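Residue-level listing of the chains:
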Amino acid sequence: MKKTKLSERYHQKAKQIIPGGVNSPARAFLSVGGVPRYIKSAKGPFIKDIDGNKYIDYVMSWGPMILGHTHKNIRLAVQKALKSGASFGAPTVAEYELARLVKSIYPAMQKLRFVNSGTEAVMSALRLARGHTGRDMILKFDGCYHGHCDSLLVAAGSGAQTLGVPNSKGVPADLARLTLTARFNDEKDVERIFKCHPDSIAAVILEPVIGNMGLIKPREGFLEFLRAITRKHGTLLIFDEVMTGFRLAPGGACELYGVSPDIVTLGKIIGGGLPIGCYGGSLDIMKNVAPEGGVYQAGTLSGNPLAVAAGIAMLRTLIKNKDKIYPALEEKGKFLEESMNAIIKRRGEKIFVNRKGSMFTIFFTSEEPVCADCAKKSDTAKFSKFFHEMLNRGVYMAPSQFEANFISYAHDRQCLDKTVKAFSEALEAL
Ligand SMILES: *Cc1c(COP(=O)(O)O)cnc(C)c1O
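Residues numbered from 1 in each chain as written. Predicted model: local features only at pLDDT ≥ 70, side-chain atom pairs only at ≥ 80, totals over all residues. Heavy atoms only, no water.

*Asks:* Would you take a moment to explain the overall build of the chain for this structure?
*Replies:* Along its length, the chain carries 14 helices and 16 strands. For 430 residues, the compact-globule estimate of 2.2 N^0.38 gives 22 Å, and the chain sits close to it at 21 Å. Projected onto its principal axes, the C-alpha positions of the chain cover 55 × 55 × 50 Å. Counting across all 430 residues of the chain, residues that qualify as buried make up 55%. When contacts within the chain are restricted to residue pairs at least 6 apart in sequence, long-range pairs at least 24 apart make up 72% of them. Accessible surface, the chain: about 19,000 Å² in total, of which carbon and sulfur atoms supply 53%. (Helix = DSSP H or I, 4+ residues; strand = E, 2+ residues; numbered from the N terminus. Rg over C-alpha atoms; globule rule 2.2 N^0.38 Å. Buried < 20%, exposed > 50% of the residue type's maximum accessible area, 1.4 Å probe, protein only. Contact = heavy atoms within 4.5 Å. Areas by Shrake-Rupley, 256 points an atom, 1.4 Å probe, with all protein chains shown as cover.)

Written as structure tokens, this is what we have:
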């Protein structure tokens, strides 16, 4: 067992003044139990907690740290920017530079706007889609997470109309009714919903590869199907690539699957670990955004110089070295997947390692999950035990069955070997 005395002490204290002791619920370890580790520092593929434990990290700040923690290029860029001032509330050349970098990789974003988080990007994209189409309804997929904006904290209601119901207190039922929910990878379900509401859906929004239900891949042709049916109904297609952008490929799922949505949302990696988000689309759609158009959206700290400097350093490094970095990430992912599969097979375990590039989830179920209902068949009690067996062996994985793990460019062969060894021992200990 790892020492957790200090984490435990501070968690007790923090809980007195911060809800659950955390500023984002998934950090609280609620679904796996135990003490959340209070982190002191991180470097490369490792994080250290205040009790002096060191872990191989597969959370990587939930995705942004694709180059590893405290990468030199990013650290130096932020230090340099800070010397010139942390925020001005006026335009800077750096914002233009970051916008140009994003646009060069994402041709679907002819114009784009920076905000401060993924949630904000999605919330703004929905308002834009509604403003552009003059329609109010949104179609989302069960299992996709798009941040905590009201319109998307909605679950499928009962009945043929599938009008949504709030899945958080405080979300107005009248607003939730405007959000429809379909099953991921289920074309018939999407067709059925469009039949009920042929010309009132402003946008279909999805994670083109789901990371937030654990990793779930789109079936072949599913994204193309969504592109076609949205076009037919005058509905905008929004790819929420906050997690997958610059992760699966530089141009994310858009590039990987060759499907071009109307609006893209980004976040996480494009801020290099600092808070940022971004949404963009064609000139025709983006002309609606204030001050050019009537869809209002603003932010005091939007385009913040430190976040933008980190983002530029991150994207420049990724783009310049993309022929080296992305094949290497695939190689690392493949190695982990194959090594784990060999152990699973030898032991006859009911475990499915689902992976795309450098994102993966170890599902405690024997079949590949293709939708939220399938993923929910996982043995979460067994996952929780597994999680702690890994943690005790110095491997920090996402603290929930329904989250993705992230491999960074800094995870070297030694890290991966240690992870495989821990995996084998953890299964033996279950
Ligand atoms: C993380 C995430 C968000 C929310 O971003 P925040 O920066 O946490 O607000 C939205 N969509 C997807 C797909 C995400 O993974």
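*Asks:* Can you walk me through the packing of aromatic side chains in this structure?
*Replies:* Any pair of aromatic rings gets described here by the distance separating the centres and the angle formed by the planes. Evaluation of the coordinates by the stated rule reveals 13 aromatic pairs. Aromatic side chains Phe-364 and Phe-383 sit 6.2 Å apart centroid to centroid with 75 degrees between the ring planes, which places their arrangement in the edge-to-face category. With a gap of 19 residues between them, Phe-364 in the loop between β14 (359–363) and α12 (372–375) and Phe-383 in helix α13 (residues 380–392) connect regions that are remote in the sequence. Assessed through its relative accessible area of 6%, Phe-383 is described here as buried. Ring centres of Phe-364 and Phe-386 lie 5.2 Å apart, and the angle between their planes is 55 degrees; on these two criteria the pair is classed as tilted. Of this pair, Phe-364 sits in the loop between β14 and α12 while Phe-386 sits in helix α13, and the two are 22 residues apart along the sequence. For Phe-364, a relative accessible area of 5% puts it in the buried group. Clustering of aromatic rings is evident, with ring pairs tying together Phe-29, Tyr-55, Phe-387 and Tyr-396. (Phe/Tyr/Trp six-rings, centres within 6.5 Å; stacked < 30°, edge-to-face > 60°.)

*Asks:* What is the right way to look at the nonpolar core in this model?
*Replies:* Among soluble globular proteins, nonpolar side chains are generally buried collectively. Formed by 60 residues in total, the largest nonpolar core has its most connected members in Phe-141, Phe-246 and Leu-318. Residue contributions to this core peak at eight residues, all from helix α10 (residues 305–320). Each of two domains, domain 1 (5–70 + 322–429) and domain 2 (72–320), supplies a minimum of three residues to this core. (Core = buried A, V, L, I, M, F, W, Y, C linked by side-chain atoms within 4.5 Å. Domains from an automatic or database assignment.)

*Asks:* Just checking my understanding: could you explain a positive patch on the surface for this structure?
*Replies:* Taken together, Lys-3, Lys-5, Arg-9 and Lys-13 make up a surface patch of like positive charges. On the secondary structure map, Lys-5 appears in helix α1 (residues 5–17). (Patch = residues over 30% accessible without salt bridge, like charges linked within 9 Å, V, L, I, M, F, W, Y side chains within 5 Å. Salt bridge = Lys/Arg side-chain N within 4 Å of Asp/Glu carboxyl O. Lys, Arg positive; Asp, Glu negative; His and termini not counted. Charge placed at Lys NZ, Arg CZ, Asp CG, Glu CD.)

*Asks:* Can you help me understand the site of the ligand in this one?
*Replies:* Around the ligand, the structure places Ser-117, Gly-118, Thr-119, Tyr-145, His-146, Gly-147, Glu-207, Asn-212, Asp-240, Val-242, Met-243 and Lys-268. Gly-118 is positioned with one of its backbone polar atoms (N or O) 2.9 Å from an oxygen atom of the ligand. Contacts to the ligand include Tyr-145, whose backbone N or O atom sits 3.4 Å from a nitrogen atom. Starting from 380 Å² of accessible surface for the ligand in isolation, the protein chains cover 82%. (Near = heavy atom within 4 Å. Polar contact = N/O pair within 3.5 Å; in protein donor to acceptor, adjacent residues only side chain to side chain.)

*Asks:* In this structure, what is going on with the environment of Gln-414? I would like to understand it.
*Replies:* Checked against the element boundaries, Gln-414 lands in helix α14 (residues 413–429). Overall, the relative accessible area of 54% leaves Gln-414 in the exposed class. In sequence terms Gln-414 and Gly-273 are 141 residues apart; their C-alpha atoms lie 25 Å from each other.

*Asks:* Help me understand the pairing of strand β1 (residues 39–43), please; the structure alone is not making it clear to me.
*Replies:* In the case of a regular strand, side chains alternate between the two sheet surfaces. In this sheet, strand β2 (residues 46–49) lies alongside β1 in antiparallel orientation, the contact comprising four bridges. Paired with Lys-43 across the two strands is Phe-46, which belongs to β2. Linking β1 back to β2 in an antiparallel pair, the connection comprises two residues, with Gly-44 at a positive phi of about 55 degrees. (Pairing = 2+ DSSP bridges.)

*Asks:* Any chance you could explain the sheet that holds strand β16 (residues 405–406) here in plain terms?
*Replies:* Hydrogen bonds along the backbone pair up the strands of a sheet, which may run parallel or antiparallel. Spatial ordering of the open sheet is given by β13-β14-β16, a layout of three strands whose pairing is antiparallel. Looking at the sheet topology across the chains shown, the edges are occupied by β13 (352–356) and β16. The pairing of β14 with β16 spans two bridges and is antiparallel. Looking at the pairing, Phe-360 lines up with Asn-405 of β16.

*Asks:* Got a minute to help me understand the environment of Tyr-409 in this structure?
*Replies:* Position of Tyr-409 relative to the elements: it lies in the loop between β16 and α14. Its relative accessible area of 29% is what places Tyr-409 among the partly exposed residues. Sequence separation between Tyr-409 and Gly-164 is 245 residues, and the spatial gap between their C-alpha atoms is 40 Å. When residues no more than four places from it in sequence are discounted, the contact partners of Tyr-409 are Ile-66, Leu-67, Lys-324, Ile-325, Ala-328, Leu-329 and Lys-332.

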